[in-house]
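Here is what each chain is made of, one letter per residue.
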Amino acid sequence: MYRKFATIVLAVFGVAAMSQAADRAVLVIHGGAGVIKREMNPGTQKAIRAALTKALEQGYAQLKAGKPALDAVTAAIAVLEDDPHFNAGKGAVFNHDGKNELDAAIMDGATLRAGGVANVHRVKNPILLARSVMEHSPHVLMFGDGAEEFAKTQAIALVDPKYFWTEKRWQELQDALKQDAAGQHADAEKEGHFGTVGAVALDKDGRLAAGTSTGGMTDKRFGRVGDSPIIGAGTYANAGCAVSGTGWGEFYLRTVAAHEICMRVSEMHQPLKQAAEYVINTEIPKLGGDGGAIVLGADGEFATPFNTEGMFRGWVEQSGKIHVAIFPGE
Ligand code: ASP
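In this text the structure is predicted, and so the values were computed from the model without any measurement.

Trainee: Looking at this model, I keep getting lost on the sheet that holds strand E8 (residues 241-247). Mind explaining?
Mentor: Two pairing modes exist for strands in a sheet, parallel and antiparallel, and in both the strands are linked by backbone hydrogen bonds. The strand order across the open sheet formed by 4 strands is E7-E8-E9-E10, and the pairing between neighbours is antiparallel. Every other strand in the sheet has two partners, leaving strand E7 (235-237) and strand E10 (302-303) as the edge strands with one partner each. In this structure, E8 lies alongside strand E9 (residues 291-297), joined through 7 bridges in antiparallel fashion. Each residue of the ladder has a partner; that of Ala242, found in E9, is Leu296. Running at roughly 150° to E8, helix H9 (residues 257-266) makes contact with E7, E8 and E9 of the sheet.

Trainee: What am I meant to see in H9 here?
Mentor: Structural remark: α-helix, 3.6 residues per turn; residues separated by three or four positions point the same way. Among the residues of H9, those classed as buried are Ala257, Ala258, Ile261, Cys262, Arg264 and Val265. Across the axial projection of H9, the buried residues extend over an arc of 160°, all falling on one side. On its buried face, H9 is in contact with E7, E8, helix H8 (249-254), helix H10 (272-287) and E9.

Trainee: Got a minute to help me understand the sheet that holds strand E2 (residues 102-108) in this structure?
Mentor: Reading across the sheet, the 8 strands line up as E4-E3-E2-E6-E5-E1-E11-E12 and stay open at both edges, with mixed pairing between neighbours. Sheet topology places strand E4 (141-143) and strand E12 (322-325) at the edges, where each strand pairs with a single neighbour. Averaged over neighbouring strand pairs, the angle between their axes works out to 10° when direction is ignored. Running at roughly 155° to strand E5 (residues 197-202), helix H3 (residues 69-81) makes contact with strand E1 (25-30), E2, strand E3 (113-120), E5 and strand E6 (208-214) of the sheet.

Trainee: Would you mind showing me how to read the site of the ligand here?
Mentor: Close contacts around the ligand come from 12 residues, with Thr196, Arg224, Asp227, Thr246 and Gly247 the closest. Measuring from an oxygen atom of the ligand, one finds a side-chain N or O atom of Thr196 at 2.8 Å. Contact between the ligand and Gly249: an oxygen atom at 3.0 Å from a main-chain N or O atom of the residue. The protein chains hide 100% of the 270 Å² of surface that the ligand would expose on its own.

Trainee: Where do I start with the packing of aromatic side chains in this structure?
Mentor: For any pair of aromatic rings, the description consists of the separation of the ring centres together with the inter-plane angle of the planes. All told, the structure shown has 6 aromatic pairs when counted by the stated rule. Residues Trp248 and Phe251 carry aromatic rings whose centres are separated by 5.0 Å and whose planes lie at 75° to one another, so their mutual orientation is edge-to-face. In this structure, Trp248 and Phe251 share a single accessibility class: buried. Positioned above the aromatic ring of Tyr163 is the side chain of Lys90, whose terminal nitrogen or guanidinium carbon lies 4.8 Å from the ring centre. The cationic tip of Lys273 hangs over the ring face of Phe302; the distance from NZ or CZ to the ring centre is 6.0 Å.

Trainee: Sorry if this is basic, but what is going on with the packing of helix H2 (residues 42-64) against H3 here?
Mentor: Each pair of packed helices can be summarised by the angle the axes make with each other and by the distance between the axes. Relative to each other, H2 and H3 sit at 155°, their axes nearing to 8 Å. In terms of orientation, H2 and H3 fall into the roughly antiparallel class. Read as a crossing pair, H2 and H3 show a hand that is right-handed. Note on element contacts: H3 touches H2 through Ala69, Asp71, Ala72, Ala75, Ala76, Val79 and Leu80, opposite Ala51, Leu52, Lys54, Ala55, Gln58, Gly59, Gln62 and Leu63. Residues belonging to the contact of H2 with H3 are distributed by class as follows: 10 nonpolar, 3 polar and 2 charged.

Trainee: Mind showing me how you'd approach the packing of H9 against H10 here?
Mentor: At their nearest, the axes of H9 and H10 sit 8 Å apart, and the two run at 145° to each other. Crossing handedness for the pair H9 and H10: right-handed. Of the residues in H10, those touching H9 at Ala257, Glu260, Ile261, Arg264 and Val265 are Leu272, Ala275, Ala276, Tyr278, Val279, Ile280, Glu283 and Ile284.

Rules used throughout
Residues numbered from 1 in each chain as written. Predicted model: local features only at pLDDT ≥ 70, side-chain atom pairs only at ≥ 80, totals over all residues. Heavy atoms only, no water. Pairing = 2+ DSSP bridges. Helix = DSSP H or I, 4+ residues; strand = E, 2+ residues; numbered from the N terminus. Contact = heavy atoms within 4.5 Å. Axes fitted to C-alpha atoms, helices over the stretch in contact; angles between N-to-C directions. Buried < 20%, exposed > 50% of the residue type's maximum accessible area, 1.4 Å probe, protein only. Arc of directions from axis to C-beta. Near = heavy atom within 4 Å. Polar contact = N/O pair within 3.5 Å; in protein donor to acceptor, adjacent residues only side chain to side chain. Areas by Shrake-Rupley, 256 points an atom, 1.4 Å probe, with all protein chains shown as cover. Phe/Tyr/Trp six-rings, centres within 6.5 Å; stacked < 30°, edge-to-face > 60°. Lys NZ or Arg CZ within 6 Å of the ring centre and 35° of its normal. Parallel < 35°, antiparallel > 145°, perpendicular 65-115°, else oblique. Left-handed = near helix turned anticlockwise from the far one by under 90°. Nonpolar A, V, L, I, M, F, W, Y, C, P; charged D, E, K, R; others polar.

Geometry only, nothing functional implied.
Have a look at this one:
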């Protein structure tokens, strides 16, 4: 009798423990919330899922080797920056003048150190430069030519701006310019943001980090800076919470979205999922914006809310198991 009871108890608690472990992650990434269903043919989906998997594998390899969360974030983002499917690094979108202007930021939750770059156009991997700004300069945010001068002192790879030219992004700009000309500027803006990349990670010492990298929004005006490189808006991490956002950046700036989520978690002690949902799915849409975010807590709890047709995303469970997803409910 006792044995039978013990078996049942073990079975019930075993399942509960397993499902809890599956709900916890050490690395979460996104590749943008601007998924447009009609563009998601099986070939594109497969390539994107493969890229997300590769980014998760490389990020997780850092954690497994005992490296800090910052290394996992940097490694995962660099993979996505090199993949033309995402609006960051190689696949960055074009601004109104047909140029690429890239933004990125990284933050260390344990120390609140942060680094960002905005409006760079020759840096192959802006996340690496953001990290250098954090670690090797007295500054937090560097812009344009000055940031690229600094890159030279840091042995960060610079490329010819032509490196960022891709047919797909060029066509997207042409479509947006046509919509502009037809007076549909708001529609063009709404559809112009997608494919930004980001990562949040938790290392073996319980430290969190967050990073984001983007080409911004198609057809943006020369000099426009979005939320991604702005600490607190698109990127934020503290001891209990790490966030990378993606979406219509102006609204993330106005709601200081990433910081707002973390304050709700760390200071107001709201459940992480509830805090993330509220900012992304209530506050931002209330103002007319849209998008998503990835959020990770110090206990591995995470959330990936979005209010668009999908968000490219993935996570690594504490056991090392990898998941990737695009559409709601996956
Ligand atoms: N948030 C980015 C920006 O506004 C765009 C995106 O996430 O797709 O620059």
